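Residues per chain are reported as follows:
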Amino acid sequence: MPVNPLIVIPVFNHGASLRDVAKQAIKYGDVLVVDDGSTDSGVAEISDLELNLICHDENLGKGQAILTAVEKARKMGKTHIITIDADGQHFPEEIPNFIEAISQSPEAIFVGSRDFTGQNIPGSSKFGRSFSNFWLRVQTGIKLSDVQSGFRAYPLEIFTVVKTSEPRYAFEVEILVKAAWAGYELKDLPIKVFYPEPEERVSHFNALKDNLRISLLNTRLTMRAFLPLPHRQYDKDAEGRITPIHPMRSLRILLAKDETPSRLAIAGAVGMLLGTLPLIAMHSIAIIIFCSFFRLSKITGLAVSQLCIPPLVPALCIEAGHYLRYDKFLTEISLQTLGYEAVDRFYEWVLGSLVLGPLFAIIIGIVIYVMAFTIKRFLDMKPQ
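This is a predicted model, so every value here is computed, not measured. (Residues numbered from 1 in each chain as written. Predicted model: local features only at pLDDT ≥ 70, side-chain atom pairs only at ≥ 80, totals over all residues. Heavy atoms only, no water.)

**Q** Residues and numbers for helix 11 (residues 298-305), please.
**A** Within helix 11, seven of the eight residues are buried, which leaves it mostly tucked inside the rest of the structure. When we look at burial in helix 11, the residues that qualify are Lys298, Thr300, Gly301, Leu302, Ala303, Val304 and Ser305. (Buried < 20%, exposed > 50% of the residue type's maximum accessible area, 1.4 Å probe, protein only. Helix = DSSP H or I, 4+ residues; strand = E, 2+ residues; numbered from the N terminus.)

**Q** Talk me through the sheet that holds strand 1 (residues 5-11); I want residue IDs and the actual numbers.
**A** The strand order across the open sheet formed by seven strands is 3-2-1-4-6-5-7, and the pairing between neighbours is mixed. Edge positions in the open sheet fall to strand 3 (52-56) and strand 7 (186-191), since each of these has one partner strand only. The mean inter-strand angle of the sheet, taken between neighbouring strand axes irrespective of direction, is 25°. Where strand 5 (residues 109-114) lies against strand 7, six bridges are found, and the strand directions are parallel. Paired with arginine 114 across the strands is isoleucine 191, a residue of strand 7. (Pairing = 2+ DSSP bridges. Axes fitted to C-alpha atoms, helices over the stretch in contact; angles between N-to-C directions.)

**Q** Tell me about the packing of helix 10 (residues 283-293) against helix 11, and please be specific about residues and values.
**A** Across the interface, helix 10 lies against helix 11 with an axial gap of 9 Å and an inter-helix angle of 150°. Here helix 10 is positioned roughly antiparallel relative to helix 11, judged by the angle of their axes. Note on packing geometry: the crossing formed by helix 10 with helix 11 is right-handed. On helix 11, the residues touching Ser284, Ile287, Ile288, Cys291 and Ser292 of helix 10 are Lys298, Gly301, Leu302 and Ser305. Class assignment for the residues of the contact of helix 10 with helix 11 results in four nonpolar, four polar and one charged. (Parallel < 35°, antiparallel > 145°, perpendicular 65-115°, else oblique. Left-handed = near helix turned anticlockwise from the far one by under 90°. Contact = heavy atoms within 4.5 Å. Nonpolar A, V, L, I, M, F, W, Y, C, P; charged D, E, K, R; others polar.)

**Q** Explain the packing of helix 12 (residues 312-326) against helix 14 (residues 342-381) residue by residue, including any values.
**A** Across the interface, helix 12 lies against helix 14 with an axial gap of 6 Å and an inter-helix angle of 105°. In terms of orientation, helix 12 and helix 14 fall into the roughly perpendicular class. For the pair formed by helix 12 and helix 14, the contact residues are Val313, Pro314, Leu316, Cys317, Ile318, Ala320, Gly321, His322, Leu324, Arg325 and Tyr326 on the first element and Asp344, Arg345, Tyr347, Glu348, Trp349, Leu351, Gly352, Ser353, Val355, Leu356 and Phe360 on the second. Residue composition of the contact of helix 12 with helix 14, grouped by class: 14 nonpolar, four polar and four charged.

What follows is the structure, given as structure tokens:
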């Protein structure tokens with residue numbers, strides 16, 4: 001199905017620059033202006049242009065303006081929306097670059113990566129971009145150059161899978177994180193940017209309120225990222241529960257999500273290694289942070305770590321540690337050995353885990369690789 005995008009311009013009191021942005025955007029396709037309760041009568045400046053216009057009776061926020069555009073785009077039979085800010089910061093002549101990009105990867109979100117080497121770039125914008133980029137990497141394991149850029153292209157189907165709660169500026173952070181969790185690819189697209197002199201600049205970003213909303217959102221998203229629960233996926237073939245009890249089914253599900261046998265093996269080995277270490281109450285967090293940073297399967301790592309639930313693996317580590325200390329195994333299980341000598345047993349757990357952890361990780365990694373490789377070959381040979 002060919003891509004059929006709708007160009008969306010959310011606007012709130014940017015009447016001075018709206019007409020020029022809209023007039024240029026019309027050259028590249030159907031345009032929808034969503035006036036989010038403006039009070040400057042700016043939309044009167046575009047009344048003669050051939051575009052679609054929706055007006056909110058009150059200011060509901062940029063996120064809600066985009067969701068309004070999504071509903072209109074569906075009714076128009078569109079496949080994507082391309083959002084561009086109304087303040088003149090972006091260059092509409094770069095819209096064809098987005099159209100070409102979504103034609104090549106129609107299921108990806110493309111985010112304009114602003115060139116910050118020019119003049120008049122606010123220090124707050126540079127800091128805000130680095131701040132949001134960092135948290136996206138923590139929450140999803142994905143590295144994106146400009147999380148705060150408003151020049152973007154979204155597939156409409158994303159909004160049927162991803163449910164958001166933020167109606168204002170924080171929406172643009174939330175949708176990226178949750179879309180990544182759902183399995184959508186996030187891609188950079190280099191763009192130019194224009195910032196006028198500070199006294200000429202018009203911005204409705206409230207440094208206190210909007211930064212507070214974004215900080216609270218990042219707190220919620222980070223906490224959710226640490227929960228060992230699968231996220232809703234857009235790929236119907238990927239539905240199912242990942243568990244070590246059903247390894248073949250789990251690997252088939254993960255391979256259907258474009259995972260590779262080698263990366264699944266590494267994720268499983270990491271889960272086994274960290275699960276073996278005595279990171280009391282910290283195993284899941286450690287696995288999620290590590291797998292997120294290196295873009296490994298968090299679900300695989302967490303599933304494998306369940307094999308390390310006490311008592312078996314900790315007991316083996318304690319026995320190995322005790323043997324290394326005294327050249328004999330611990331054979332007495334009593335209040336004395338497990339109670340009064342608990343510190344000694346913990347030391348032996350640490351010592352034994354440093355020996356058995358890497359060994360178990362290598363074994364699990366090899367097993368997962370062989371199983372995943374076999375399943376993948378079977379799936380590749382299966383008639384479509």
